[in-house]
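Single-letter residue listing:
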Amino acid sequence: MDTNQITNILKKVELFQDLSDHETEVIALNAELRHFEQNSLLFVENNPRQNLFIILDGEVELFKKTTFGEEKRLGIFTTLDFLGEGSLIDDSPHSTSAKTTLASTLLYLSREKFLEIEKSEPQIPGKLFSRMAKIVFRRMQFSNTKVINYGAQYQSGKIRQEHDLLGEREVPAEMYYGVQTLRAAENFHITGINLSFFPILIEALAMVKMAAAKANNDLGLISKPITDAIEQACQEIISGKYHGHFIVDMIQGGAGTSTNMNANEVIANRALEILGYEKGDYKYCHPNNHVNLSQSTNDAYPTSVKIAIINSNKKLVDVLKSLIDSFRAKGNEFKNVIKMGRTQLQDAVPMTLGQEFEAYAVMLSEEIQRLEQNAELFLEVNMGATAIGTGINAEPGYTDKCITHLRNITGLKIVSAANLVEATQDTGAFIMYSSAVKRLAVKLSKICNDLRLLSSGPRTGLGEINLPPMQPGSSIMPGKVNPVIPEVVNQIAFKVIGNDLTVTLAAEAGQLQLNVMEPVIVQSIFESIEMLKNGMTTLKYKCIDGITANEKRCRDLVMNSIGIVTALNPVLGYETSTMIAKEALESGRGVYEIVLEKNLMSKEELDKQLAPENMIGPR
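Now for a look at the structure at hand. Computed from a predicted structure; not experimentally measured.

### As for the overall build of the chain
Each helix and strand in the chain was counted, giving 22 helices and 16 strands. Considering only C-alpha atoms, the chain reaches an extent of 105 × 70 × 45 Å along its principal axes. Sorting the 619 residues of the chain into buried and exposed places 51% on the buried side. For the chain, the proportion of contacts with a sequence separation of at least 24, taken over those separated by at least 6, is 71%. Counting only carbon and sulfur atoms, one obtains 52% of the accessible surface of the chain, whose full area is about 28,600 Å². Taken as two groups, the 62 positive and 74 negative side-chain charges of the chain have centres that lie 3 Å from each other.

And the structure:
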């Protein structure tokens, strides 16, 4: 690729739009072309910034690692996008990492080369820094929307006029949403949690809109250029772009209409840009006439939600499996630690600490199948139902074509409901799935109750295990350390249980051909999934993996327990064993001591009968 070709490419990149032809050519002469294989790291967080990257073809993922080492995607960059521009200012460390997700061709300009340019062409840095400031300001607006309030978006002086049923409104020119989203954001200051907090739902909305556009094109209802533009806009959203423009509160009136229109407007305005028009010039691509064609909120919204829950469930199950692995590892680690089992908080019979932890692993393993089975209920969707299930305003054949495209786009075995009128009003699948999520939460809470009891003390409680100390436990009592991680998981469980009740009540509140309470159902389920994912991850890394056993304490409690007399039942009989237990309880002496004193068994026989391996399984 020669310098002229590189110069022409750079002119299309936003960062260089203020440069003259000569200045752009200077950048081109100093930039280097390089090919990267898939999954190549471009830069790593906490390492010095060194290069500006411009993508010529391919795809780059920006990500950040969580406290637990998991990669969290922040965005996807494609052709003519740029990243690493901070390297032109200084060599401070990257706050994120970047890698290619496809084989990619990139131009890169090193900090060293840029400093040389600055010496000979001092006006170039000034122009680039001015453009970078505008870009950073635009990004910060989206951040402010989340952390301060919605009014933070109204900092731009440039607006565009849009109209709807209620009249005209001014919309910030740089925003991809439109007038209906604007009104919804003003009407629903409810939770402070908007659609952008759940990227997986935004991605599902884009998938549904893409499938609908393809089906409409198959039927000759919209032209190929408009279809292609809608498809590209949806693909960009699926890749993580424009999520900051999904600003409607998760809980809203209107049965999800505001969410649907937020998606329609963002997709339409991005499609207009792709087609070469201005945002808001809807005669060329309209949110309703094109993006929402052959649809209603009442089929597009629940279908998107179902796809999002299926994909969220996969992540929830992955986190659950990781937690199960930790319990199973502890079960193996503690397999030889003898301890006392308890029922009704009273001494029962001996077991091993390993058996206790293995039981937790099995208890949670059962939930994988329950979650997956209930998530499969969401594969049945009502696309083509439009308003109430009759399919009004949808062409014959639309449903089948839309479902086919949706299967291809999502990779899921989606099917059309047998009766679209029924499917549009029924929320039974949400009840079933929410109950499975609740069941998992209840089991997790029960396990955390046990962990708190088993670690109680350190001197006056059970004290059989030690939880990793996380923080000082009291502002007045020195030396106190609390079981804060199990406690927070307990609280998460209470919230999930409450959310399940909300889902149940909202499902019951449906009337006639539609359940208008779906938004609170959706918010409740997604909140429960996110809290459980975060809670289980925290429980695994900050608690379970670091648990240690007080082996001597466990054995002493067994040997001093009256409960071991149960192991003597087969030899001494129930009546004699009961007499021994009563005497031990009244005298405070041990069962072992009393049996030997009364010559009921020889020491060898007694030791064999009370050997740990003989007390923890069938004989």
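### Section: the nonpolar core
Of all hydrophobic cores here, the largest spans 115 residues; its most connected members are Leu201, Ile230, Tyr433, Phe526 and Leu539. Of all the elements, helix α10 (residues 297–333) adds the most residues to this core, at 14 residues. For Leu539, the residues in contact, after removing those within four places along its chain, are Leu323, Leu444, Cys448, Leu451, Ile485, Val489 and Ile544. Counting residues in hydrophobic clusters, the runner-up holds 24 residues, among them Leu10, Leu52, Ile117 and Ile135.

### Quick look at the state of the cysteines
Evaluation of the coordinates by the stated rule reveals 0 disulfides. Cys234 takes part in no disulfide bond, and the closest cysteine sulfur to it belongs to Cys285, at a distance of 9.6 Å. On the accessibility criterion, Cys234 (0% relative accessible area) is buried. A disulfide-free cysteine, Cys448 has its sulfur positioned 6.9 Å from the sulfur of Cys543, the nearest such atom.

### Details of the sheet that holds strand β8 (residues 104–110)
Sheet strands associate in pairs through backbone hydrogen bonding, adopting either a parallel or an antiparallel arrangement. Pairing in this open sheet of 4 strands is antiparallel, and the strands run β1-β8-β3-β6 from one edge to the other. A strand with exactly one partner marks an edge of an open sheet, and here the two such strands are β1 (32–36) and β6 (82–83). Where strand β3 (residues 51–57) meets β8, 6 bridges bridge the pair, whose relative direction is antiparallel. Looking across to β8, one finds that Asp57 is bridged to Thr105.

### With respect to α10
Counted at 1.5 Å a residue, the expected span for α10 with its 37 residues is 54 Å, and the 53 Å between its end C-alpha atoms agrees. The buried fraction of α10 amounts to 27 of the 37 residues, a majority that puts the element mostly inside the structure. Its side-chain oxygen placed 3.0 Å from the backbone nitrogen of Asn298, Ser296 serves as the N-cap of α10.

### Thoughts on the side chain of Asn490
Summarising the element assignment, Asn490 is placed in helix α15 (residues 484–508). Looking at Asn490, its side chain comes within polar contact range of the side chain of Asn449, at 3.2 Å. Filtering out sequence-adjacent residues up to four positions away, Asn490 remains in contact with Ser445, Cys448, Asn449 and Arg452.

### Considerations on the environment of Val595
Relative to the assigned elements, Val595 resides in helix α20 (residues 591–597). According to the relative accessible area criterion, Val595 is buried, its value standing at 0%. Between the C-alpha atom of Val595 and that of Ser577, which follows or precedes it by 18 residues, the distance is 9.4 Å. Setting aside chain neighbours within four positions, we find Val595 in contact with Leu568, Ile580, Leu600, Met601 and Leu606.

### Points about a nonpolar patch on the surface
A contiguous nonpolar patch, built from Val442, Phe494 and Ile497 and spanning about 270 Å² of accessible area, is present on the exposed surface. Relative to the helices and strands, Ile497 resides in helix α15.

### Digging into the packing of helix α14 (residues 428–454) against helix α16 (residues 518–542)
Between α14 and α16, the shortest axis-to-axis distance is 11 Å and the interhelical angle comes to 30°. With respect to each other, α14 and α16 are oriented roughly parallel. Relative to α16, α14 is oriented so that their crossing is left-handed. Seen from α14, the contacting residues are Phe430, Tyr433, Ser434, Val437, Leu440, Ala441, Leu444, Cys448 and Leu451; seen from α16, they are Ile521, Ile525, Ser528, Ile529, Leu532, Met536 and Leu539.

Procedures and definitions
- Position numbers for residues start from 1 in each chain and track the written sequence from start to end.
- Side-chain atom pairs in this predicted model are given and counted only at pLDDT of 80 or more, local residue features only at pLDDT of at least 70, and totals for whole chains, interfaces and linings cover all residues.
- For side-chain calculations, the full set of non-hydrogen atoms in the structure is used, while hydrogens and water are omitted.
- Helix and strand assignments follow DSSP, with helices taken as H or I runs no shorter than four residues and strands as E runs no shorter than two, numbered in order from the N terminus.
- Each residue is assigned to one of three classes by its accessible area relative to the maximum for its type, calculated with a 1.4 Å probe on protein chains only: buried under 20%, partly exposed between the two thresholds, exposed over 50%.
- Only heavy atoms enter the contact rule, under which two residues are in contact if any of them lie within 4.5 Å.
- Areas reported as accessible are Shrake-Rupley estimates using a 1.4 Å probe. Residue values count occlusion only from the protein chains shown.
- For the purpose of charge, His is not counted, nor are the chain termini; Lys and Arg are scored as positive and Asp and Glu as negative.
- Here the site of a charge means atom NZ of a Lys, CZ of an Arg, CG of an Asp or CD of a Glu.
- Residue types Ala, Val, Leu, Ile, Met, Phe, Trp, Tyr and Cys, when buried and joined through side-chain atoms within 4.5 Å, form a set referred to as a nonpolar core.
- In this description, the term disulfide denotes a pair of cysteine sulfurs within 2.5 Å.
- Between any two strands, at least two bridges found by DSSP are needed for them to pair.
- Multiplying 1.5 Å by the helix residue count minus one yields the expected span of that helix.
- Pairing of N or O atoms within 3.5 Å defines a polar contact, subject to two protein rules: one partner must be a possible hydrogen donor and the other a possible acceptor, and residues neighboring in sequence count only if both atoms are side-chain atoms.
- For patch building, the residue pool is restricted to those with more than 30% relative accessible area and no salt bridge; the joining distance is 9 Å between like charges and 5 Å between nonpolar side chains (Val, Leu, Ile, Met, Phe, Trp, Tyr).
- Any Lys or Arg side-chain nitrogen found within 4 Å of a carboxyl oxygen on Asp or Glu counts as a salt bridge.
- Orientation is described by lines fitted to C-alpha atoms, with helices fitted over the stretch in contact, and by angles between N-to-C directions that extend from 0 to 180 degrees.
- These descriptions rest on fixed angle ranges, namely under 35 degrees for roughly parallel, over 145 for roughly antiparallel, 65 to 115 for roughly perpendicular, and the rest for oblique.
- Note: crossing handedness is left-handed where the near helix turns anticlockwise from the far helix by less than a right angle, and right-handed where it turns clockwise.

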